[in-house]
Amino acid sequence: MASSGAYKSRINITIVGDGFVGKSCLVAAFLQQDFLVDSPPTMIETHLVEMFVDGQDYILQIVDIGDSQKIAPDLFMETDCLVVCFSVDAINSYENVIFRWLPDVYSKCPMASLILVGTKLDLREGTPLPVASFQGLQLAKEIRANCYFECSAKFQVSIAQIFQAAVRTVVQKYNSGPGLERIKGEKNPTVYCTLL
Ligand SMILES: Nc1nc2c(ncn2[C@@H]2O[C@H](COP(=O)(O)OP(=O)(O)OP(=O)(O)O)[C@@H](O)[C@H]2O)c(=O)[nH]1
Ligand SMILES: [Mg+2]
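Residues numbered from 1 in each chain as written. Chains lettered and ligands numbered in written order. Predicted model: local features only at pLDDT ≥ 70, side-chain atom pairs only at ≥ 80, totals over all residues.

Regarding the overall build of the protein
Stage number 1. Across its full length, the protein holds 5 helices and 6 strands.
Stage number 2. Order of helices (α) and strands (β) in the protein, N terminus to C terminus: β-α-β-β-α-β-α-β-α-β-α.
Stage number 3. Buried residues in the protein amount to 38% of all 196 residues.
Stage number 4. Long-range pairs, those at least 24 residues apart, make up 71% of the contacts in the protein between residues at least 6 apart in sequence. (Helix = DSSP H or I, 4+ residues; strand = E, 2+ residues; numbered from the N terminus. Buried ≥ 20, exposed ≤ 12 C-beta atoms within 10 Å, placed from the backbone. Contact = placed C-beta atoms within 7 Å.)

Structure (structure tokens):
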């Protein structure tokens, strides 16, 4: 379905990554500017929020899936941007980006843009942690992520920027990519195309 000037474009963002890496805290930090000290394991949560980026209004549908969830094919189909998280204090979660999450991403969702996020950046304060910045960057290049961020939900570091980047990567991709619905003649042609 196509959007017109009267409607806001909707962008579907799916957050994945090992359990306890801080996916729900990242979402809560963005939506509520709040830090969840004790957040229970997530099954699956969907949030809708409006965001203004580069002069355009978007509706973001943010799906936060828990550790045990495999990403369902229909969810993948709808995903415009995958935010793949690991925690900078947990080497397993870093390794699992490749071993556990990427196979799903590549096979089921090759058109989505990809953002790699190293969470819990504040834990690096004064202490070398298992995953250094350069390793995060290296991994981002290896998996051809559109962007790499390190963030702290606890201290609101780079939280909004991750979601802004998600919107921009999707808009860029859909504006330049083949086979995408675009509104001809629209003043600021944005992507797509699901009405609420
Ligand atoms: N220091 C610090 N701790 C964090 C940060 N983000 C999350 N945490 C903590 O990490 C733990 C797990 O966070 P969650 O957001 O529940 O992790 P999750 O990835 O959603 O976990 P599942 O839902 O089980 O997949 C919680 O105890 C949080 O308080 C952060 O930026 N800094
Ligand atoms: Mg969670």
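Anyway, onward from the coordinates.
A look at the site of ligand 1
Stage number 1. In the region of ligand 1, 21 residues are neighbours, and Gly-22, Ser-24, Ser-39, Pro-41 and Thr-42 sit closest.
Stage number 2. For the shell around ligand 1, the leading source of residues is helix α1 (residues 23-32), giving 3 residues.
Stage number 3. Considering only residue class, the shell around ligand 1 consists of 8 nonpolar, 8 polar and 5 charged. (Near = placed C-beta within 6 Å. Nonpolar A, V, L, I, M, F, W, Y, C, P; charged D, E, K, R; others polar.)

As for the packing of α1 against helix α5 (residues 159-176)
Two packed helices can be described by the angle between their axes and the distance between those axes.
Stage number 1. For the pair α1 and α5, interaxial distance at closest approach is 9 Å and the crossing angle is 90 degrees. One finds that α1 runs roughly perpendicular with respect to α5. Contacts from Leu-26, Ala-29 and Phe-30 of α1 reach α5 at Ile-159, Ala-160 and Phe-163.
Stage number 2. Split into classes, the residues belonging to the contact of α1 with α5 amount to 6 nonpolar, no polar and no charged. (Axes fitted to C-alpha atoms, helices over the stretch in contact; angles between N-to-C directions. Parallel < 35°, antiparallel > 145°, perpendicular 65-115°, else oblique.)

Some words on α5
Stage number 1. The first and last C-alpha atoms of α5 sit 26 Å apart over 18 residues, in line with the 26 Å expected at 1.5 Å per residue.
Stage number 2. Looking at α5, one finds that the buried residues are Ile-159, Ile-162, Phe-163, Ala-165, Ala-166, Val-167, Thr-169, Val-170, Val-171 and Tyr-174. (Expected span 1.5 Å × (residues − 1).)

Side note on the sheet that holds strand β5 (residues 113-119)
Stage number 1. Strand order in the open sheet formed by 6 strands is β2-β3-β1-β4-β5-β6, and the pairing between neighbours is mixed. The sheet is open, and its two borders are formed by β2 (44-53) and β6 (147-150), each paired with just one other strand. Recorded for the sheet is a direction-independent mean angle of 25 degrees between the axes of neighbouring strands.
Stage number 2. Where β5 meets β6, 4 bridges bridge the pair, whose relative direction is parallel. By the bridge assignment for β6, Gly-118 is matched with Glu-150.
Stage number 3. Against the sheet, helix α4 (residues 133-142) touches β5 and β6, its axis set at about 155 degrees to β6. (Pairing = 2+ DSSP bridges.)

Some words on the pairing of strand β4 (residues 81-87)
Stage number 1. A large share of β4 lies buried, amounting to 7 of its 7 residues.
Stage number 2. Side chains Cys-81, Val-83, Cys-85 and Ser-87 project from β4 onto one buried face, and the interleaved Leu-82, Val-84 and Phe-86 project onto a second face that is buried too.
Stage number 3. With 5 bridges joining them, strand β1 (residues 9-17) and β4 adopt parallel strand pairing. Residue pairing for β4: Val-16 is matched across the bridge by Val-84.
Stage number 4. Sheet analysis places β4 next to β5, joined by 7 bridges and oriented parallel. Bridge pairing links Phe-86 to Gly-118 in β5.
Stage number 5. Handedness of the crossover joining β4 and β5 through helix α3 (residues 91-108) is recorded here as right-handed. (Right-handed = clockwise from strand over helix to strand, strands pointing away.)

Quick word on the environment of Ser-133
Stage number 1. Examined against the element boundaries, Ser-133 turns out to sit in helix α4.
Stage number 2. Between the C-alpha atom of Ser-133 and that of Tyr-148, which follows or precedes it by 15 residues, the distance is 9.8 Å.

A word on the nonpolar core
The nonpolar side chains of soluble globular proteins are, as a tendency, buried together.
Stage number 1. With 50 residues, the main nonpolar core has Ile-15, Leu-26, Val-83, Val-84, Ile-115, Ile-162 and Ala-166 as its most contacted residues.
Stage number 2. With residues up to four places along the chain from it excluded, the contact list for Val-83 reads Ile-13, Ile-15, Ile-115, Val-117, Ile-162 and Ala-166. (Core = buried A, V, L, I, M, F, W, Y, C linked by C-beta atoms within 7 Å.)

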